[in-house]
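# Remarks on the overall topology
Okay, here's what each chain looks like letter by letter:
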Amino acid sequence: MPDADQPDVDEPGFPRIDLALVQLVIEHAARATEPSGCTEAELIDQIQQIESLQHSVAALQSSRIRAFAREHVGNGIAAGRTDPERLERGAVAQVALACHTSPAEARSRIRAARDLRAGLDHVREVFTSGGLSATKVAAVVAACSDLDPAERARVDARLAHHDLTRLGIGRLRDLVRRLAAEIAPEKFRARVEAARAERRVTLRPAPDAMVYLTGYLPVEQGAACLAALQKAFVQASVDPAPLTRSRGQVLADTVVERLTGRATATDVDIDVQVVVPVEALLDPGSPLPAEVPGHGPVPVELLATSTGRKTVRRLLTRAGTVIGGDSRSRSFTGLLGLLVRARGGNRCTEPYCDAPIRHVDHIRRVADGGRTTLDNGRGTCEFHNHVREQPGWQVQRTPDGVRTTTPTGHTYLAPGRAAAVTRSGRACPAR
């Protein structure tokens, strides 16, 4: 969390001009269908200049994110709110909405903006001048996250001897990690041990009815897993039977077979929740696809090709809305909770957040007379369910959908309808 006691300094390299005017000029140039009279070399020059401009604007945004976080913390302390976790959560939630991104990404941006002012002066200067992208800067900050400002400054001084603008993100990340390990070896060792304690397996949706099954493992364990899979491919290659699968297919099937204990990858037991448009039941020729919440559209017939035990639970929708019932329960449990989660596609319904649904929240609180009904329920991640309990946050259902209002007066419409963001009161000129 930013230190509210340190004096702030304006970011150098940016004239005090109206940002709205800059955006207007860029939008005007972008509307041109084709730039006329430009040679290939001139177009490449413009592409390079635009790329540098994007980096400089990202650096300017980073400085403003830090300024907002410091102001938020200062105002919170002045109001008697001294819980660091709650103060950071409030800042993260508002930056996430303003940047149209997830809370995890917003937290990373806030911490990057803070650390850039705590020893990484050279990196910040290159960032401001347009030589480094926000992605590369984030990689540098992450590699130095466990260092104190003095140690970070030593890394920054060593980096000043390198032309950072010519390094790809992989080489840059490796360089910073190596310098950090040399300067603070004990912290590096502790960081490695902490990372090993965080080993895990995750599942993320991929396009075309696929998923990414990812293992976050110690390097020697990951290498051993890959070696075992490669050995399985060699064994399949020397088998007298013709090899009808590619190397990647053999490796993927072997992962499934060894994790599930099945003889073949298709022989798996599944319990899948599928959202089916009621129009598709009434019209067999309807082009409307079914959908697995959290994973996107999928042809249901593909789920029936498995030889294992299949359980497909269907939830019907009409015009994109899950058709459900009512409940007098205090909590969203059973079928009602299932309907709320399915309606949100098993993703948090706060704008720009793609985290899985962890809580089913009452839009209008029970304490305020809200009922446990499908219309008054929304699925959220744990972060957004907690952040609405902080002072100044409001959630309400309007004719346009579920609307969130932040402590600064900005309002955001939940996904599923036309996106909208407004600001109540007099707008503050962006400079």
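Residues numbered from 1 in each chain as written. Predicted model: local features only at pLDDT ≥ 70, side-chain atom pairs only at ≥ 80, totals over all residues. Heavy atoms only, no water.

Per an unreviewed UniProt entry, the protein chain goes by the name HNH nuclease domain-containing protein and belongs to Pseudonocardia autotrophica.

Here we come to the nonpolar core. Val123, Val155, Leu159 and Val176 are the most contacted members of the largest nonpolar core, which totals 26 residues. Those elements that place two or more of their residues in this core are α2 (40-78), α4 (103-116), α5 (121-128), α6 (134-143), α7 (149-159) and α8 (169-183). When residues of this core are assigned to their parent elements, the largest contribution, 6 residues, is made by α8. Setting aside its immediate chain neighbours within four residues, valine 176 contacts Val140, Ala143, Cys144, Val155 and Leu159. (Core = buried A, V, L, I, M, F, W, Y, C linked by side-chain atoms within 4.5 Å. Buried < 20%, exposed > 50% of the residue type's maximum accessible area, 1.4 Å probe, protein only. Helix = DSSP H or I, 4+ residues; strand = E, 2+ residues; numbered from the N terminus. Contact = heavy atoms within 4.5 Å.)

It is worth spelling out the packing of aromatic side chains at this point. In this structure the tally under the stated criterion is 0 aromatic pairs. The side chain of arginine 200 reaches across the aromatic face of tyrosine 216, ending 4.5 Å from its centre. (Phe/Tyr/Trp six-rings, centres within 6.5 Å; stacked < 30°, edge-to-face > 60°. Lys NZ or Arg CZ within 6 Å of the ring centre and 35° of its normal.)

Glancing now at the side chain of aspartate 115. Positionally, aspartate 115 belongs in helix α4. Residues within four places of aspartate 115 in sequence aside, it is in contact with Leu120, Val141, Ser145 and Arg152.

Residues Val201, Leu203, Val211, Leu213 and Leu259 make up a contiguous nonpolar surface patch of roughly 510 Å² in combined accessible area. Counting residues per element, the ones that place at least two in the nonpolar patch are β1 (200-206) and β2 (210-216). Judged by relative accessible area, which is 41%, valine 211 ranks as partly exposed. (Patch = residues over 30% accessible without salt bridge, like charges linked within 9 Å, V, L, I, M, F, W, Y side chains within 5 Å. Areas by Shrake-Rupley, 256 points an atom, 1.4 Å probe, with all protein chains shown as cover. Salt bridge = Lys/Arg side-chain N within 4 Å of Asp/Glu carboxyl O.)

So, on to α7. Every buried residue of α7 is listed here: Glu151, Arg152, Val155, Asp156 and Leu159. Taken end-on, α7 shows its buried residues confined to a sector of 145°, consistent with a single buried face. Where α7 is buried, its residues meet α4, α5, α6, α8 and α9 (185-197). Its side-chain oxygen 3.1 Å from the backbone nitrogen of alanine 150, aspartate 148 forms the N-cap of α7. (Arc of directions from axis to C-beta. Polar contact = N/O pair within 3.5 Å; in protein donor to acceptor, adjacent residues only side chain to side chain.)

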